[in-house]
2 protein chains.
Amino acid sequence: MPSRPRDADPLLGDLSEGEILRAILSRTARGSHTLLGPGDDAAVVAAPSGSVVATTDTLVHGPDFRLAWSSGYDLGWKAAAVNLADIAAMGARPTALLVALAIPRDLRLSFVERLADGFREACAALAPGCAVVGGDLTVSDVLTVAVTALGDLEGRAPVTRAGARVGDVIAVAGELGHAAHGLSVLFGRFRETGTGVPLPVDVSALGSGESAALQAQLRPSPPIGLGAFAATAGATAMMDVSDGLALDARRMAAASEVTIALDAATLGDDPLRALAGGEDHALLAAFPPGMLPSGFRPIGEVRARGDHDLLVDDAPVDVSGWDPYRDWDSTAG
Amino acid sequence: MPSRPRDADPLLGDLSEGEILRAILSRTARGSHTLLGPGDDAAVVAAPSGSVVATTDTLVHGPDFRLAWSSGYDLGWKAAAVNLADIAAMGARPTALLVALAIPRDLRLSFVERLADGFREACAALAPGCAVVGGDLTVSDVLTVAVTALGDLEGRAPVTRAGARVGDVIAVAGELGHAAHGLSVLFGRFRETGTGVPLPVDVSALGSGESAALQAQLRPSPPIGLGAFAATAGATAMMDVSDGLALDARRMAAASEVTIALDAATLGDDPLRALAGGEDHALLAAFPPGMLPSGFRPIGEVRARGDHDLLVDDAPVDVSGWDPYRDWDSTAG
């Protein structure tokens, strides 16, 4: 058998699964809840309060990200962040991530190394103590990152979408509409005219607002720690805003059998973008009056169920969010 | 907007994410460990012994299965089974599955309905009490099923690969080489001559041994319950045989810093197939002498570490298993 050519940054197709896994695992940190880390058939994670919160969310090349726009680091960071936000939205503390990678063989080793760095640093920045405890690696023509996040409720009851009560204050922690702004910058400024093919991002061409929006889209930083804090402070309902405030507030209203009434003046310079824009993963929560904790700002109130799930300035709104099955067209580039 | 054409079995691309999810969720059962099931940001699963065992494994169309050969039901069943086996191999009892689906829009609703049926029935048959508690749905040109399984150790220590001790008996529960035999039937009998394109399976063309092998490949039934049983019985090391007995026994030997010596006469009619064939997800375990529990059959012994990780009939063997990065060629059909 000919010896493999030496290459400082080999193609994944020239490596074995074991070689790729070793490169990834050398970049994972040990979490404070990790009882048994990567390398066996399964990991073991502490669940001190006798239950575990679990969620899964996947990023697929095309509908969810483009390699022309996202680095491996960006992708690892974002895949961690969106899953951590779902754990936080239950009022739990994230304890562990499991990462299933399906990767084309024409990517290079440095890509997955930076991906692992993104996971590690997102955990360190957003959810200290949480770490990647396991994963899976397989080959696919479509780069796919499926993450499962685990969390601990620290003895509290989970905060669902269904607990909002008439008279509660509706509040939010984190950004609204920034990630969508970032996406519009990418679609508007960094695609080939005519074909729509994504082009590499030239950061020097961006204003500071656009740079911040791009950061919110590529490396979102939801306020993960505020999830457990809100639960302790008495949140009656909570969820993360992944598909846009309007759509997600409607979901909370429907689950809680109430009407949610928002005040457009609290939604920043561009209320429509705040209502429609997804992917910021802000925390949307309901609190009893007078119990709003630090980090959350009021944006509305809970009313008895009326004809509409959602009102903005007392009027029904028709703002829809993102639906991959309806909205994504792989032929459109 | 024109109304959607009515179709008894619509294309996924003509449905919203919510409609597809409702069809899937109506087919999930509630598990005995489920504290909060699907529908919120995350699920909550009981972890009565204060820790949770967690693993993830992905099936990708192409390297892991073909739609010409696997039904939706087969795919759901297999995706459940391979993950349940990893939980069992730690000596744990499976409690919950999370299922991330990336599905092309040109598949039909009935496909994901049958996929959900496969998950539900595999849990009922192989790991009663375990159930799908959450999931994620996104669109992709490559059908990808990423599953995370959770389990409970019921107060026991996890059984890793690293605990085999000199003098232990090496034993196995479940089939060896049957799934590989099934794969060879598919590749040998149900592909178009010349192009290699997979053809639908004609069951009537198969003998009974071939049918059983096909079943082992498409709907494996590893002995999940024997994992916790083996741990209780004192197993010192355990893993599931996913990549072939030779490769996986070598991994156990390396982790335990011992040599594993197998007896070919215990490996059935086709010892080479038993050594090389992956995907049966049998349980490979080490037990102190005289402590072999029911359901496990002896196939060798643990010796002090020598020049080789693995011996068969006292000789080194050169049998390799499956490596997706080296062995899968998407152009070969």
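What counts and what doesn't
Residues numbered from 1 in each chain as written. Chains lettered and ligands numbered in written order. Predicted model: local features only at pLDDT ≥ 70, side-chain atom pairs only at ≥ 80, totals over all residues. Heavy atoms only, no water. Contact = heavy atoms within 4.5 Å. Buried area = accessible area lost by both parts, 1.4 Å probe. Salt bridge = Lys/Arg side-chain N within 4 Å of Asp/Glu carboxyl O. Helix = DSSP H or I, 4+ residues; strand = E, 2+ residues; numbered from the N terminus. Buried < 20%, exposed > 50% of the residue type's maximum accessible area, 1.4 Å probe, protein only. Lys, Arg positive; Asp, Glu negative; His and termini not counted. Pairing = 2+ DSSP bridges. Axes fitted to C-alpha atoms, helices over the stretch in contact; angles between N-to-C directions. Polar contact = N/O pair within 3.5 Å; in protein donor to acceptor, adjacent residues only side chain to side chain. Least-squares fit on C-alpha atoms with pLDDT ≥ 70 in both. Domains from an automatic or database assignment. Nonpolar A, V, L, I, M, F, W, Y, C, P; charged D, E, K, R; others polar. Expected span 1.5 Å × (residues − 1). Disulfide = S-S within 2.5 Å. UniProt positions renumbered as here; feature names shortened; annotations may be inferred. 1 Å grid on protein atoms, 1.4 Å probe; cavity = no way out; pocket = protein on both sides within 12 Å on 5 of 7 lines; lining within 4 Å. Points joined across faces, edges and corners; volume = space filled by probe spheres on them. Parallel < 35°, antiparallel > 145°, perpendicular 65-115°, else oblique.

A. Inspection of the interface of chain B and chain A at higher detail. With 66 residues of chain B in contact, the opposing surface of chain A contributes 67 residues. Carbon and sulfur atoms supply 56% of the area that chain B and chain A bury against each other, a total of about 5,100 Å² over both sides. Our enumeration of links across chain B and chain A arrives at 4 salt bridges. Among the ionic pairs, Arg161 of chain B bridges to Asp41 of chain A, the shortest N-O distance being 3.4 Å.

B. Summary view of the side chain of Asp57 of chain A. With respect to the secondary-structure elements, Asp57 of chain A resides in strand β3 (residues 51-60). Here Asp57 of chain A occupies a buried position and makes no salt bridge, while the nearest side chain of opposite charge, Lys78 of chain A, is found at 9.2 Å.

C. Geometry of the environment of Phe296 of chain B. Residue and element names in this part refer to chain B. Here Phe296 shows up in the loop between β10 (282-287) and β11 (297-304). Taking relative accessible area as the criterion, Phe296 reaches 7% and is therefore assigned buried. On a C-alpha basis, the gap between Phe296 and Pro63 in space is 31 Å, while along the polypeptide they are 233 residues apart. Not counting residues within four places of it along the chain, the set of residues in contact with Phe296 comprises Ala171, Val172, Ala173, Leu226, Ala230, Leu283, Ala285 and Phe287.

D. Molecular detail of the sheet that holds strand β6 (residues 144-152) of chain B. Spatially, the 6 strands line up as an open sheet ordered β1(A)-β2(A)-β3(B)-β6(B)-β4(B)-β5(B), and their pairing is mixed. One side of each edge strand has no neighbouring strand; the edge strands of this open sheet are β1 (34-36) of chain A together with β5 (131-139) of chain B. Within this sheet the neighbouring strands show an average axis-to-axis angle of 25°, counted without direction. Summarising the sheet, β1 of chain A and strand β2 (residues 43-46) of chain A pair through 2 bridges and their orientation is antiparallel. Its bridge partner lying in β2 of chain A, Leu36 of chain A is registered against Val44 of chain A. This element, helix α2 (residues 72-88) of chain B, spans β3 (51-60), β4 (93-103) and β6 of chain B of the sheet and lies at about 140° to β3 of chain B.

E. Highlighting the side chain of Asp240 of chain B. Within the element layout of this structure, Asp240 of chain B appears in strand β8 (residues 237-241). Arg161 of chain B is the oppositely charged side chain nearest to the buried, salt-bridge-free Asp240 of chain B, at an N-O distance of 5.5 Å. A distance of 2.7 Å separates a polar atom in the side chain of Asp240 of chain B from a polar atom in the side chain of His281 of chain B. Setting aside residues no more than four positions away along its own chain, Asp240 of chain B makes contact with Asp41 of chain A together with Ala85, Asp86, Ala89, Asp248, His281, Ala282 and Leu283 of chain B.

F. Broad picture of the relation of the copies chain B and chain A. Rotating chain B by 180° and moving it 0.0 Å along the rotation axis overlays it on chain A with an RMSD of 0.0 Å. The relationship between the two copies is best expressed as a two-fold rotation axis. Using C-alpha coordinates, one finds that chain B approaches the rotation axis most closely at Gly50 of chain B, a distance of 2.5 Å. Comparing interface residues between copies, 100% of those in chain B also sit at the interface in chain A, which points to an isologous, same-surface contact.

G. Broad picture of the domain arrangement of chain A. All names here are of chain A. Looking at chain A, the domain boundaries give domain 1 (14-152) and domain 2 (169-321). Centre-to-centre separation of domain 1 and domain 2, based on C-alpha positions: 25 Å. Facing 22 residues of domain 1, the contacting portion of domain 2 comprises 25 residues. Across the contact surface, domain 1 and domain 2 share 2 salt bridges. The interface formed by domain 1 and domain 2 holds 6 residue pairs in polar contact (both at pLDDT 80 or more) in total. Among the elements that line the side of domain 1 that touches domain 2, the one with the most residues is helix α2 (residues 72-88), at 10 residues. Each residue belonging to the side of domain 1 that touches domain 2 can be placed in one class, and the counts come to 15 nonpolar, 2 polar and 5 charged.

H. Molecular detail of helix α7 (residues 245-256) of chain B. Taking 1.5 Å per residue, 12 residues should reach 16 Å; α7 of chain B reaches 16 Å between its end C-alpha atoms and fits that length. Glu257 of chain B lies just past α7 of chain B and shows a positive phi near 55°.

I. Just the state of the cysteines, in detail. Residue and element names in this part refer to chain A. This model, assessed by the stated rule, comprises 0 disulfides over all chains. Not part of a disulfide, Cys123 finds its nearest cysteine sulfur in Cys130, a span of 4.1 Å. On the basis of relative accessible area, Cys123 is assigned to the buried category, the value being 3%.

J. Fine view of the UniProt feature "binding site: Mg(2+) 4" (unreviewed entry) in chain A. Under the local residue numbering, the UniProt record ascribes the feature "binding site: Mg(2+) 4" (unreviewed entry) to Asp41, Thr55 and Asp86 of chain A. Taken along the chain, the residues just named run across 46 residues; in space they spread out, the farthest C-alpha pair reaching 25.7 Å. Here Thr55 of chain A lies in strand β3. Filtering out sequence-adjacent residues up to four positions away, Thr55 of chain A remains in contact with Asn83, Asp86, Ile87, Val147, Thr148 and Ala149 of chain A together with Asp41, Ala42 and Leu98 of chain B.

K. Focus on empty space enclosed by the protein. Tallied over the entire structure, the rule returns 1 cavity of 30 Å³ or more. Empty space within the largest cavity amounts to approximately 40 Å³. Taken together, 13 residues line the largest cavity, and the ones lying closest to its centre are Thr56 and Thr148 of chain A together with Thr56, Ala146 and Thr148 of chain B. If you list the elements that add at least two residues to the lining of the largest cavity, you get β4 (93-103) and β6 (144-152) of chain A together with β4 and β6 of chain B.

L. Representation of the environment of Asp14 of chain B within the structure. For Asp14 of chain B, the position within the fold is in the segment before α1 (17-25). With 278 residues separating them in the primary sequence, Asp14 of chain B and Leu292 of chain B have C-alpha atoms 55 Å apart.

M. Region of interest: the packing of helix α4 (residues 178-189) of chain B against helix α5 (residues 208-218) of chain B. Residue and element names in this part refer to chain B. Where α4 meets α5, the axes come as close as 7 Å, and the angle between the chain directions of the two elements is 105°. Judged on the interaxial angle alone, α5 and α4 are roughly perpendicular. Across the interface between the two elements, His178, Ala179, His181, Gly182, Leu183, Val185, Leu186 and Arg189 of α4 pack against Gly209, Glu210, Ala213, Leu214, Ala216, Gln217 and Leu218 of α5. Here the contact of α4 with α5 is built from residues that sort into 8 nonpolar, 5 polar and 2 charged.

N. Broad picture of the sheet that holds strand β11 (residues 297-304) of chain A. All names here are of chain A. Sheet architecture is open: 7 strands sit in the order β8-β10-β7-β11-β9-β12-β13, paired in mixed fashion. Two strands lie at the open edges of the sheet, namely β8 (237-241) and β13 (315-316), each paired on one side alone. One ladder, built from 5 bridges, connects β8 with strand β10 (residues 282-287); its direction is antiparallel. Opposite Ala237, over in β10, you have Ala286 as the bridge partner. Lying over the sheet, α2 contacts β8 and β10, oriented at roughly 170° with respect to β8. Helix-sheet contacts for helix α7 (residues 245-256) involve β7 (169-173), β8, β9 (258-262), β10, β11 and β12 (310-312), and the interaxial angle to β8 is about 155°.

O. Molecular detail of unusual backbone geometry. All names here are of chain A. Backbone geometry places Asp314, a non-glycine residue, at a positive phi of 65°. Residue placement: Asp314 occurs in the loop between β12 and β13. Classification of Asp314 by relative accessible area gives exposed; the value is 53%.

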